[in-house]
Amino acid sequence: MPDIESNSIYNELLNKVNYYSGNDIKNISLKYLYQKFNLTNSDLILNKKLEWNSKVKRSFYDDLDKINNGVPIQYITNSQFFYDENFYVDNNVLIPRPETEELVSHIIKRERDNKKKNILDIGTGSGCIAITLYKHLNAHVFGIDLSKGAIKIANTNNRLVDNKVRFISESIEEYTPETKFDVIVSSPPYIYSEDKNKVESNVLNYEPHEALFVSKDPLYFYKKILKFSRRYLNQNGNIYFEINDKYESELELLFSELECKFIKDIYGKKRFLFVSIT
Ligand SMILES: C[S@@+](CC[C@H](N)C(=O)[O-])C[C@H]1O[C@@H](n2cnc3c(N)ncnc32)[C@H](O)[C@@H]1O
């Protein structure tokens with residue numbers, strides 16, 4: 001069986017990746033090698049050998065073409081690590097972001113000591129929020145998404161928790177649940193479509209637009225979720241949002257009658273909004 005030294009694949013990437021520049025080439029190459037071949041930095045230092053048959057070689061060069069066309073690594077390797085699990089992703093779903101991991105860790109800290117609860121994740125995408133909350137809170141968790149493709153991926157990821165999360169193909173506009181919730185969480189589309197030109201080209205070209213953009217009214221989903229929560233959130237329930245810090249003052253106004261708190265992300269941006277309905 002032919003094999004290859006891992007340093008030669010790494011060098012091939014360093015020489016041939018041209019979509020990125022500077023340090024990004026190194027970072028992207030290392031990420032690719034880890035996600036595709038499970039190669040760690042120590043494996044590279046030890047120059048570990050890899051099996052290099054014609055199939056592996058063809059797939060590597062196909063991937064290199066995709067990298068050079070700007071396809072995100074996560075869609076090439078179909079994986080993204082989120083919180084403490086590897087999630088399957090493809091272009092039906094938004095690639096889970098580190099700020100959303102932060103949101104989840106705030107929720108886990110705040111809800112950990114509360115009694116058994118029903119949790120709803122609106123716009124669940126890959127299911128990363130819903131599945132992580134199920135794992136860490138003793139709760140019934142539901143996730144809805146308008147996109148059938150996203151629900152299929154969320155159900156694929158549901159195997160991480162023995163299919164214990166209930167994913168439903170439903171929009172926030174149409175969803176009429178049979179139960180009420182104690183916690184509602186959402187990282188809804190929050191880039192105003194007028195700002196499309198400010199979005200990086202590989203995000204714009206490859207990630208699903210219905211996951212990213214909101215047209216007409218940048219607060220559309222927050223208004224819909226507020227209306228939904230008035231009916232379906234239990235008394236003393238909590239809503240946790242990821243937000244676009246650009247709309248902080250408008251959101252403050254929208255939720256002014258309720259107890260609400262903005263929380264900064266690690267970059268110091270007001271990125272999360274927690275609302276309590278008493
Ligand atoms: C920003 S993504 C968040 C995905 C995932 N929760 C995450 O954090 O990675 C927003 C999600 O909302 C879904 N969505 C868009 N419009 C919706 C609607 N009207 N009702 C329900 N889900 C919607 C999109 O399909 C997308 O999966």
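Residues numbered from 1 in each chain as written. Predicted model: local features only at pLDDT ≥ 70, side-chain atom pairs only at ≥ 80, totals over all residues. Heavy atoms only, no water.

Asks: So what's going on with the site of the ligand? Residues and values would help.
Replies: Close to the ligand lie 21 residues; Gly-123, Asp-145, Ile-172, Glu-173 and Ala-211 are nearest. Within the side chain of Asp-145, a nitrogen or oxygen atom sits 2.6 Å from an oxygen atom of the ligand. Contact distances for the ligand include 3.0 Å between a nitrogen atom and a backbone N or O atom of Ile-172. When the ligand sits alone it has 600 Å² of accessible area, and the protein chains cover 95% of it. Elements with a contribution of two residues or more to the shell around the ligand: α7 (128-136) and α10 (209-212). (Near = heavy atom within 4 Å. Polar contact = N/O pair within 3.5 Å; in protein donor to acceptor, adjacent residues only side chain to side chain. Areas by Shrake-Rupley, 256 points an atom, 1.4 Å probe, with all protein chains shown as cover. Helix = DSSP H or I, 4+ residues; strand = E, 2+ residues; numbered from the N terminus.)

Asks: Any chance you could break down the layout of surface pockets for me, citing the residues and the numbers?
Replies: A water-sized probe rolled over the atoms picks out the places where empty space is left. Approximately 210 Å³ is the volume attributed to the second largest pocket. In terms of lining, the second largest pocket is formed by Ile-172, Glu-173, Tyr-175, Thr-176, Lys-224, Lys-227, Phe-228, Arg-231 and Tyr-232. (1 Å grid on protein atoms, 1.4 Å probe; cavity = no way out; pocket = protein on both sides within 12 Å on 5 of 7 lines; lining within 4 Å. Points joined across faces, edges and corners; volume = space filled by probe spheres on them.)

Asks: Residue-level account of a positive patch on the surface, with values.
Replies: Together, Lys-109, Arg-110, Arg-112 and Lys-261 make up a region of like positive charge exposed at the surface. As for its placement among the helices and strands, Lys-261 is situated in strand β12 (residues 259-264). Owing to a relative accessible area of 46%, Lys-261 belongs among the partly exposed residues under this scheme. (Patch = residues over 30% accessible without salt bridge, like charges linked within 9 Å, V, L, I, M, F, W, Y side chains within 5 Å. Salt bridge = Lys/Arg side-chain N within 4 Å of Asp/Glu carboxyl O. Lys, Arg positive; Asp, Glu negative; His and termini not counted. Charge placed at Lys NZ, Arg CZ, Asp CG, Glu CD. Buried < 20%, exposed > 50% of the residue type's maximum accessible area, 1.4 Å probe, protein only.)

Asks: Break down the packing of aromatic side chains for me, citing the residues and quoting the values.
Replies: One pass over the structure, following the stated rule, counts 13 aromatic pairs. Both rings, one in Phe-60 and one in Tyr-61, keep their centres 5.0 Å apart while their planes meet at 85°; by these two values the pair is edge-to-face. The partly exposed category is assigned to Tyr-61, whose relative accessible area is 31%. Both rings, one in Phe-82 and one in Phe-87, keep their centres 6.0 Å apart while their planes meet at 90°; by these two values the pair is edge-to-face. Chaining the aromatic ring pairs together yields one cluster made of Tyr-32, Phe-37, Trp-52, Phe-60 and Tyr-61. When the ring centre of Phe-213 is taken as origin, the NZ or CZ atom of Lys-196, which lies over that ring, is 5.1 Å away. (Phe/Tyr/Trp six-rings, centres within 6.5 Å; stacked < 30°, edge-to-face > 60°. Lys NZ or Arg CZ within 6 Å of the ring centre and 35° of its normal.)

Asks: Before we move on, can you summarise the pattern of salt bridges with the specific residues and values?
Replies: Within this structure, the stated rule accounts for 10 salt bridges. The partner of Lys-198 in a salt bridge is Asp-195, and the shortest N-O contact between them spans 3.2 Å. For Lys-198, a relative accessible area of 64% puts it in the exposed group. The class for Asp-195 is buried, based on a relative accessible area of 12%. Put simply, Asp-84, Glu-85 and Lys-135 are held in one network by salt bridges that share partners.

Asks: Outline the sheet that holds strand β13 (residues 270-277), supporting the account with residue identities and numerical values.
Replies: By definition, the strands of a sheet pair up through backbone hydrogen bonds, in either a parallel or an antiparallel sense. A sheet is described by the order of its strands in space; here 7 strands give the open sequence β7-β6-β5-β8-β11-β13-β12, paired in mixed fashion. On the outer flanks of this sheet lie β7 (166-169) and β12, each paired with one strand and no other. Strand-to-strand, the axes of this sheet are offset by a mean angle of 15°, without reference to chain direction. One ladder, built from 4 bridges, connects strand β6 (residues 139-145) with β7; its direction is parallel. Across the sheet, the residue bridging to Ile-144 is Ile-168, located in β7. Sitting on the sheet, helix α6 (residues 98-111) touches β5 (117-122), β8 (181-186), β11 (233-242), β12 and β13, and the angle it makes with β11 is about 155°. This element, helix α11 (residues 220-232), spans β5, β8, β11 and β13 of the sheet and lies at about 160° to β11. (Pairing = 2+ DSSP bridges. Axes fitted to C-alpha atoms, helices over the stretch in contact; angles between N-to-C directions. Contact = heavy atoms within 4.5 Å.)

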